[in-house]
Amino acid sequence: MADNKNKKTFRTISVFLLAILVSTCILMLFSDYVEVREYKNKVYPNTYLGDYKISDVGFVYLEKRIEFYSDSILNNNITLVAGDHEYNYTFRELQLEIDKDAIIDEIISGQSEVSYINKVNKIKGKNKQVYKYKLKYDKNYLTRIVTEIKNAVDVNVVYGNLVMGSDRVLSYVPGVEGFVLDVNKSVNEIAKDLGLVELSF
């Protein structure tokens, strides 16, 4: 009889523990569901645009948040090196623009096109999600800047030769190496290195 009582007590405790375990799992799943739903139209936590935090902002306000950081981003410097010369410009001086639409599309698709489990991990996780800012440029303007640099740094080749002086002595005058900046190649390399997208007019 005591054996039966122990079995009944054990069974009752087991059922009780199982009920607690199932309830806890259901609460955790419901909590995850609520959080994922809360971020349906909102940027996930720990989301950055370069070094700038853009987390917990509704998608409708995301463009304004990007505009807020635009000044800082466009004041970044780039150094163009041609031969022995260096030319420093800000992104703004090169008339680069932030491609807000491309950034917003990437963030929204990055959040919506992942599995439910990945959404939960991104929302609850501590890992940073860093998006690179996208820049657009006017190819004609950038070509004009590079052409100005070309005009300043190009050196024509001068070949070494022998020159006879007034005393009828031959002396050697050394040549000068030439340097020619390829404008089209330079513009394309700048665009490629910065990940620029050409403006459409």
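Presented here is a report on the structure given in the accompanying data block. None of the values given here were measured: they were computed from a predicted structure. (Residues numbered from 1 in each chain as written. Predicted model: local features only at pLDDT ≥ 70, side-chain atom pairs only at ≥ 80, totals over all residues. Heavy atoms only, no water.)

This paragraph deals with helix 3 (residues 100-112). For the α-helix, the turn length of 3.6 residues means that residues three or four positions removed from each other point alike. Along its 13 residues, helix 3 runs 18 Å from first to last C-alpha, staying within 8% of the 18 Å computed at 1.5 Å per residue. Taken residue by residue, helix 3 has Ile103, Ile104, Ile107, Gly110 and Gln111 as its buried positions. Taken around the axis of helix 3, the buried residues stretch over an arc of 135°, which confines them to a single face. Across helix 3 from its buried face, at more than 90 degrees, point the exposed residues Asp101 and Asp105. Of the surrounding secondary structure, the elements contacted by the buried residues of helix 3 are strand 1 (47-49), helix 2 (59-74), strand 5 (97-98), helix 4 (116-124) and strand 6 (129-131). (Helix = DSSP H or I, 4+ residues; strand = E, 2+ residues; numbered from the N terminus. Expected span 1.5 Å × (residues − 1). Buried < 20%, exposed > 50% of the residue type's maximum accessible area, 1.4 Å probe, protein only. Arc of directions from axis to C-beta. Contact = heavy atoms within 4.5 Å.)

This part is about the packing of helix 5 (residues 139-153) against helix 6 (residues 183-194). Close contact between helix 5 and helix 6 brings their axes to 9 Å; oriented N to C, the two are set at 125°. Comparing their axes, helix 6 and helix 5 come out oblique. In the packing of helix 5 onto helix 6, the handedness of the crossing is right-handed. Along the contact surface, helix 5 presents Lys139, Leu142, Thr143, Val146, Thr147 and Lys150, while helix 6 presents Val183, Ser186, Val187, Asn188 and Ile190. (Axes fitted to C-alpha atoms, helices over the stretch in contact; angles between N-to-C directions. Parallel < 35°, antiparallel > 145°, perpendicular 65-115°, else oblique. Left-handed = near helix turned anticlockwise from the far one by under 90°.)

Taking strand neighbours across the sheet as the criterion, the 3 strands line up as 5-7-10 in an open arrangement whose pairing is mixed. Each edge of the sheet is formed by a strand with only one pairing partner; in this case those strands are strand 5 and strand 10 (196-198). Bridging between strand 7 (residues 135-137) and strand 10 involves 3 bridges; their strand directions are parallel. Counterpart to lysine 136 in the pairing with strand 10 is valine 197. (Pairing = 2+ DSSP bridges.)

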